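Each chain, letter by letter, is given below.
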Amino acid sequence: MGTPSTAQPTFWKRNQQALAPWLFLAPGVLMFLVYVIVPVFQSVWISFHDWDGLGPKTWIGLGNYVELFSDDAFYTSLQNNIIWLVLYLLAVPAGLAAALFLNQTVAGIRLYKSLFFFPFVISQVVVGLIFTWFYAPNFGLFSALMKALTGTQVAVLADERLVTYGIIGAGLWPQIAYCMILYLTGLNNINPEQIEAGRMDGAKGWHLFWNIVLPQLRPATFIAVVVTVIGALRSFDLVSVMTAGGPYGSSRVLSYYMYEQALSEYGFRMGYGAAIAVVLFLIMMIFIAFFLIRMLRQERNS
């Protein structure tokens, strides 16, 4: 009798565990490359050209960037973005405070959670319309309140000094709700044994929160900060709905100025709009990289 032949395992059998995760990731990675990475490099390439979006491109090198850094409207938009960034980050501690308030077992807490959650599920366009009516000089609740307190009406969206702050106030409403949801999820995943150990060691109140609860919320804090930074820097919807960049361009941000130059009736300057997009992208990457490096250092130290 002959000895039975032992079949060699196929390549798939030998590498199944190593290849299976990559096969599951492949569709998402492909979509990310096609719709994110490739457009980023295309935007950078277009920013070196003078192009109306239809005709042939004309290579001008750094010409768009030279013009950009001598453009007063660009600096107004950049300044507004910085204001957005600073004030929008208030959503993170406000969301944490709302999450701590709602993370209790009291009567009616589900209703309170629904009310706090509501701003997150409505569209930015709807938020913009609500706050446009809220700020309206003739019938808006804010204007009526200011008239009752000061005797004069305040047209927030028509005042160059106040308009940016008014739009940021509208944006904070849903952003606080989003940060609240992140922190509620984080609070549900806190290790109760560490809380009990801290209480046994005499920790309570602020000391317990700062040294035991907050460190366990670092992943939620990181996501909240990153999403909030991105939201502040790409703040297009509310500006477009509430003021269209006005009055006199005083509420423009970089994303809206990019739209004006590249796609609106004022421009069709695709190269110039792409240069604005590249600058906005670099600012966004700097902030995200800073928070990512800081979080990794904190994780290593802990």
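Because the structure is predicted, anything quoted here is derived from the model rather than measured. (Residues numbered from 1 in each chain as written. Predicted model: local features only at pLDDT ≥ 70, side-chain atom pairs only at ≥ 80, totals over all residues. Heavy atoms only, no water.)

**As for the overall build of the protein**
1) Next: A count of helical and extended segments in the protein gives 14 helices and two strands.
2) Next: Computed over C-alpha atoms, the radius of gyration of the protein comes to 26 Å, more than 25% over the 19 Å expected from 2.2 N^0.38 for 302 residues, which places it beyond the range of a compact globule.
3) Next: Each principal axis of the C-alpha distribution contributes one length, and for the protein these read about 105 × 70 × 35 Å.
4) Next: Sorting the 302 residues of the protein into buried and exposed places 36% on the buried side.
5) Next: On the protein, roughly 18,700 Å² of surface is accessible, and the fraction owed to carbon and sulfur atoms is 67%. (Helix = DSSP H or I, 4+ residues; strand = E, 2+ residues; numbered from the N terminus. Rg over C-alpha atoms; globule rule 2.2 N^0.38 Å. Buried < 20%, exposed > 50% of the residue type's maximum accessible area, 1.4 Å probe, protein only. Areas by Shrake-Rupley, 256 points an atom, 1.4 Å probe, with all protein chains shown as cover.)

**Details of helix H9 (residues 192-200)**
1) Next: Where H9 begins, one side-chain oxygen reaches toward the backbone nitrogen of Glu 193, 3.0 Å away; that side chain belongs to Asn 191.
2) Next: Two residues or fewer past H9, Gly 202 is found with a positive phi of approximately 95°. (Polar contact = N/O pair within 3.5 Å; in protein donor to acceptor, adjacent residues only side chain to side chain.)

**Some points on the nonpolar core**
1) Next: Trp 84, Ile 167, Tyr 183 and Met 242 are the most contacted members of the largest nonpolar core, which totals 64 residues.
2) Next: A total of eleven residues in this core trace back to one element, the largest contributor, which is helix H8 (residues 163-188).
3) Next: For Trp 84, the contacting residues outside a window of four places in its chain are Thr 164, Ile 167, Ile 168, Ala 232, Ser 235, Leu 238, Val 239 and Val 253. (Core = buried A, V, L, I, M, F, W, Y, C linked by side-chain atoms within 4.5 Å. Contact = heavy atoms within 4.5 Å.)

**Description of the packing of aromatic side chains**
1) Next: Per the stated rule, a full pass over the model turns up 19 aromatic pairs.
2) Next: Consider the rings of Phe 48 and Trp 59, whose centres lie 5.6 Å apart with planes at 40°: the pair is tilted. Highlighted residues: Phe 48 in the loop between helix H1 (11-46) and strand E1 (49-50) and Trp 59 in strand E2 (residues 58-59), separated in sequence by eleven residues.
3) Next: On the basis of relative accessible area, Trp 59 is assigned to the exposed category, the value being 51%.
4) Next: Here the basic side chain of Lys 57 rests over the ring of Trp 51, its NZ or CZ set 4.3 Å away from the ring centre.
5) Next: Sitting above the plane of the Tyr 272 ring, Arg 269 keeps its charged end 4.3 Å from the centroid. (Phe/Tyr/Trp six-rings, centres within 6.5 Å; stacked < 30°, edge-to-face > 60°. Lys NZ or Arg CZ within 6 Å of the ring centre and 35° of its normal.)

**A few points about the pattern of salt bridges**
1) Next: Counting across every chain of the model gives three salt bridges.
2) Next: Of the charged contacts in the structure, one is a salt bridge between Glu 67 and Arg 269, with a shortest N-O distance of 2.8 Å. Taken together, the positions of Glu 67 in helix H2 (residues 63-68) and Arg 269 in the loop between helix H13 (254-262) and helix H14 (270-301) put the pair 202 residues apart, joining distant regions of the chain.
3) Next: Between Arg 252 and Glu 260 there is a salt bridge; the shortest N-O distance is 2.6 Å. In this pair, the class of Arg 252 matches that of Glu 260, namely buried. (Salt bridge = Lys/Arg side-chain N within 4 Å of Asp/Glu carboxyl O.)

**Digging into the packing of helix H5 (residues 109-121) against H8**
1) Next: At their nearest, the axes of H5 and H8 sit 7 Å apart, and the two run at 115° to each other. Seen from above, H5 lies across H8 with left-handed handedness. Touching Phe 116, Phe 117, Phe 118, Pro 119 and Phe 120 of H5 are Trp 173, Pro 174, Ala 177, Tyr 178, Met 180 and Ile 181, all from H8.
2) Next: Here the residues of the contact of H5 with H8 sort into eleven nonpolar, no polar and no charged. (Axes fitted to C-alpha atoms, helices over the stretch in contact; angles between N-to-C directions. Left-handed = near helix turned anticlockwise from the far one by under 90°. Nonpolar A, V, L, I, M, F, W, Y, C, P; charged D, E, K, R; others polar.)

**Examining the environment of Leu 33**
1) Next: Following the sequence through the fold, Leu 33 ends up in helix H1.
2) Next: Leu 33 has contacts with Val 38 and Pro 39, leaving out every residue within four places of it along the chain.

**Focus on the packing of helix H4 (residues 91-102) against H5**
1) Next: At their nearest, the axes of H4 and H5 sit 10 Å apart, and the two run at 160° to each other. With respect to H5, the element H4 is oriented roughly antiparallel. For H4 against H5, the interelement crossing comes out left-handed. Contact with H4, carried on its side by Ala 98, Phe 101 and Leu 102, involves Ile 109, Tyr 112, Lys 113 and Phe 116 of H5 and no other residues of that element.
2) Next: Tallied by class, residues from the contact of H4 with H5 come to six nonpolar, no polar and one charged. (Parallel < 35°, antiparallel > 145°, perpendicular 65-115°, else oblique.)

**Focus: H4**
1) Next: Taking 1.5 Å of rise per residue, twelve residues should cover 16 Å, and H4 covers 16 Å from first to last C-alpha, within 8% of that figure.
2) Next: Considered for burial, the residues of H4 that qualify are Ala 91, Val 92, Gly 95, Leu 96, Ala 98, Ala 99 and Leu 102. An end-on view of H4 places all buried positions within 165° of arc, on one side of the element.
3) Next: Lining the buried residues of H4 we find helix H3 (72-88), H5, H8, helix H10 (205-216) and helix H11 (218-233). (Expected span 1.5 Å × (residues − 1). Arc of directions from axis to C-beta.)

**Thoughts on the side chain of His 49**
1) Next: With respect to the secondary-structure elements, His 49 resides in strand E1.
2) Next: A polar atom in the side chain of His 49 sits 2.8 Å from the backbone oxygen of Trp 45.
3) Next: Look past the residues within four positions of His 49 in its chain and what remains in contact with it is Lys 57, Thr 58, Trp 59, Ile 60, Asn 64 and Gly 271.

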